[in-house]
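Results of the structural survey
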Amino acid sequence: MEAAAIERKSIDAVFGVDGAAFRAHGSQSTTTIRVFAANDDTPDVIEGFAFQPDTLRRILVWMASGALPNNFTKATMKRNLLIYGPTGCGKTALISQVCARTGRSMFRYQCSEDSEATQLFGTYKLCKVPQNAEPQKVEAEASAAPQQASALSATPEMVFVDGPVLRWARTPNSILLLDEFDQLPPSVAMSMNGVLDGDDILVPETGERVKIATGCLIVATGNTNGRGSAGGNGGSASLYKGVKRQNIASLDRFFVVNATYLSVEEEIALLQDQVGMPETAATAMAKLASSLRSRFVGLNEDAGANGEPLEFTITTRNLLNWGLTHRLLMATGLDSTTAFKEGLSMTLLDFGTGAERKAVLDAWENIIGE
């Protein structure tokens, strides 16, 4: 089964970037991308989400691997992507918004050191289900609303319920998101190698052989590169508890993108668009974020070179929440200056030590003093 694209659109129309950057040499037309009909498994669009062109270009190459004609080359192209980088830089949101804008289904699995292969692929569960229910629909039926309960069987049955991998494999042009892939025990990650290679999936519990549907792709995210480096600059991986060095045989099956935070200019625009911050305030906030990231030991190997080293940072997520908190605090009667400091404390500073809090507040005072 293959879900046909409903149309092809230009890169700028889909992702809101400068389409001129995606023109083939000597061509006046920009690259186009397939867009499908959205469904219940397609994430919602976040208006104003900022795509970085260089990162988007790599993602487009990876996505193209799922639609190459059989006679394109004799070699087989990887269909898996690893995106790694510091906390809160938007790795998961990036893939979610790619799916949202292209209408693709996304099946997300949150990896952990307690993950087991059965959680990925599926297992038998005791469920009340309709007669002759399709396996991939059992989970939805088992959690039916009370008003639908009469349609379910009175006696619970042991039924094999698909995990996210099998649900993904049955859905054409879908994306399987393995979040925090570097948290997986290497033996569990290795159980995915056949799937990463595009092989049929044999379900030992049922004897079924599942052929991966056309256009299906896999993306993994992590704070480290799977080999012990965080942030892409050799930063300390010790801050990310539970991460594990992965088997090189698993990592070899991925393309890779080293993600990081947006630039100062990009975050200024984001604060204005998403939170409604005035340009002056947005500029000061983005400058503070940039300053603190230069001291973040989870991003830089020598974080103390730029002042007091920090074990936390202002992520893009925190930056937006700081702006939102500032607006709400002002609505409770605080003046703007106090609201900025109180919002920064609520969002970030109260995680830190006394020395870290002082270092951040000193940096903020210097920026607003300018």
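Above this text is the structure in question.
The rules we used
- Residues numbered from 1 in each chain as written.
- Predicted model: local features only at pLDDT ≥ 70, side-chain atom pairs only at ≥ 80, totals over all residues.
- Heavy atoms only, no water.
- Pairing = 2+ DSSP bridges.
- Helix = DSSP H or I, 4+ residues; strand = E, 2+ residues; numbered from the N terminus.
- Axes fitted to C-alpha atoms, helices over the stretch in contact; angles between N-to-C directions.
- Contact = heavy atoms within 4.5 Å.

Let us look at the sheet that holds strand β3 (residues 80-84). What the five strands build is an open sheet, ordered β4-β7-β10-β3-β11; its pairing is parallel. Edge positions in the sheet fall to β4 (106-110) and β11 (255-258), since each has one partner strand and no second. In this sheet, adjacent strand axes meet at a mean angle of 20° when their direction is disregarded. In this structure, β4 lies alongside strand β7 (residues 175-179), joined through five bridges in parallel fashion. Pairing of Phe107 across the sheet is with Leu176, part of β7.

Mapped onto the elements, Cys89 comes out in the loop between β3 and α3 (91-102). Distance in space between the C-alpha atoms of Cys89 and Tyr261 is 4.9 Å, their sequence separation being 172 residues. Apart from the residues within four sequence positions on either side, Cys89 is in contact with Ala259, Thr260, Tyr261 and Thr316.

Within the element layout of this structure, Met277 appears in the loop between α10 (264-274) and α11 (279-293). Spatially, the C-alpha atoms of Met277 and His326 are 9.5 Å apart, while their sequence positions differ by 49 residues. Not counting residues up to four positions away in its chain, the partners in contact with Met277 are Leu271, Gln272, Ala282, Met285, Gly323, His326 and Phe340.

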